[in-house]
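Survey of secondary and tertiary structure
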Amino acid sequence: MENQLLQSQWFIITAIGGKEDSIADAIKEKVNNYGYESYVGQIRIFKKKDESIEIFAKDSDQIPQNLRKTKTISWEIMPDGKYKRTRIRITNKFPGYIFINMIYDRNVWFAIRNTPGVLGFVGSSGKGAVPIPITIEEYARVSGESDINSQNETANQSSSTPTSGVDAQNQPVETVTYSTDAKIGNNVDILEGSFTGMTGEVKKLDNSRGVATLIIDFFGRSQEVEILYNQFKISL
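Reading the values: the criteria
- Within each chain, residues carry numbers counting from 1 in the order of the written sequence.
- The predicted nature of this model means local features are confined to residues of pLDDT at least 70 and side-chain atom pairs, given and counted, to a pLDDT of 80 or more, with totals for whole chains, interfaces and linings taken over all residues.
- Excluded from the side-chain calculations are hydrogens and water; all other atoms, namely the structure's heavy atoms, are used.
- The predictor reports its confidence for every residue as pLDDT, a score running from 0 up to 100.
- Helix and strand definitions follow DSSP, with helices as H or I runs of at least four residues and strands as E runs of at least two, each counted in order from the N terminus.
- Throughout, a contact is declared for two residues whenever any of their heavy atoms are within 4.5 Å.
- DSSP bridges decide pairing: two strands pair if at least two such bridges lie between them.
- Think of each axis as a best-fit line through the C-alpha atoms, taken over the contacting stretch in the case of a helix, with angles from 0 to 180 degrees between the N-to-C directions.
- Salt bridge, as applied in this entry: a Lys or Arg side-chain nitrogen positioned within 4 Å of an Asp or Glu carboxyl oxygen.
- For each residue, the accessible area found with a 1.4 Å probe, counting protein chains only, is set against the maximum for its type, and the residue is called buried under 20%, exposed over 50%, and partly exposed in between.
- Each Phe, Tyr or Trp ring, with Trp reduced to its six-membered ring, pairs with another whose centre is within 6.5 Å; inter-plane angles below 30 degrees give stacked pairs, above 60 give edge-to-face pairs, and intermediate values give tilted ones.

Things to note about the confidence of the model for the chain
Overall, the prediction assigns the chain a mean pLDDT of 80, with 81% of residues at 70 or greater. In the model of the chain, helix α4 (residues 148–154) stands out as the element of lowest mean pLDDT, 40, in contrast to helix α1 (residues 20–34), which has the highest, 96. This model gives residues 145–174 a pLDDT under 50, and the stretch forms 57 contacts once residues within four places in sequence are excluded.

What to know about the sheet that holds strand β6 (residues 97–102)
Picture the strands of a sheet paired through backbone hydrogen bonds; they go either parallel or antiparallel. Strand order in this open sheet of 4 strands is β2-β6-β1-β7, and the pairing throughout is antiparallel. Edge positions in the sheet fall to β2 (40–44) and β7 (118–121), since each of these pairs with one other strand and no more. Going across the sheet, the axis of each strand differs from the next one's by a mean of 30°, ignoring polarity. Summarising the sheet, strand β1 (residues 9–15) and β6 pair through 6 bridges and their orientation is antiparallel. Its bridge partner being in β6, W10 is matched across the sheet by N101.

Considering the sheet that holds strand β10 (residues 211–218)
Taken in spatial order, the 5 strands of this open sheet run β11-β10-β9-β8-β12, and their pairing is antiparallel. For this open sheet the edge positions go to β11 (221–228) and β12 (232–234), each flanked by a neighbour on one side alone. Sheet twist, expressed as the mean angle between neighbouring strand axes with direction ignored, is 40°. Pairing of strand β9 (residues 199–206) with β10 involves 6 bridges; the strand directions are antiparallel.

Thoughts on the pattern of salt bridges
On inspection of all chains with the given rule, the structure shows 7 salt bridges. The partner of E54 in a salt bridge is R85, and the shortest N-O contact between them spans 2.5 Å. Here R85 lies in strand β5 (residues 83–92) and E54 lies in strand β3 (residues 47–56), a separation of 31 residues in the sequence. With relative accessibility at 11%, the residue R85 sits in the buried group. Salt bridges sharing common partners tie together K48, D206, R209 and E226.

Digging into the packing of aromatic side chains
Applying the stated criterion to the full structure yields 10 aromatic pairs. Look at W10 and Y139: their rings are 4.1 Å apart centre to centre, the planes differ by 10°, and that puts the pair in the stacked class. Within this pair, whereas W10 is found in strand β1, its partner Y139 is found in helix α3 (residues 136–142), the two being separated by 129 residues in sequence. On the basis of relative accessibility, which here comes to 9%, the residue W10 falls in the buried class. When its relative accessible area of 12% is taken as the criterion, Y139 is described as buried. An angle of 85° between the planes, with centres 6.2 Å apart, marks the rings of F46 and F94 as edge-to-face. Residue F46 is located in the loop between β2 and β3, and its partner F94 is located in the loop between β5 and β6; the two are separated by 48 residues in the primary sequence. Residue class for F46 comes out buried when judged on its relative accessible area of 3%. The buried category is assigned to F94, whose relative accessible area is 2%. An aromatic cluster is present here, built from W10, F46, F94, F99 and Y139 joined pairwise through their rings.

If you want it as structure tokens, here you go:
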């Protein structure tokens, strides 16, 4: 096996959903154990942050005795005595996918393909077919790190995401409700973000956040993504 200054490329590994992080660690360990470091570069799992805010009455039985802040939950007492809970969840942006930058070599591919939890490579049928790398443009499109909340901050819908009746200074405000002409089942064209130029089918509409859940064809597999209402239009 020789590495003759070949060009590394981005490939997509399909993996068991929900176990992507541990599988990526297992791949890295195998690469180190087999001495394949000169063939394998970055191994990436793209994440997104989902933030939800809830307001509770001062006598709610859901308020814990200890309002200790954790990595995912924080509590705040508001001026009117109510309680605000902010919950943060970090999830995989593309469940079931691991991105790997590598120089293709049959031995390296075989070793990674046979790592526990790995289902295969996108573009490989599993019958000896060589996996197909994605283009630089495709990688640039999917590697955007902005999540749906940071997009909400800059979108031309509102200056902030609705916060259940309170603004950043904990002052009462009107709850904002978004709307769209799209209906569940419609096909829409994505105009902005990581999936610009792609078409998706509307699966769910969230008027409280102004976000639609779309089903898109992501490198040959169906993938659910969240897109702001003002970032798509109904397909003609």
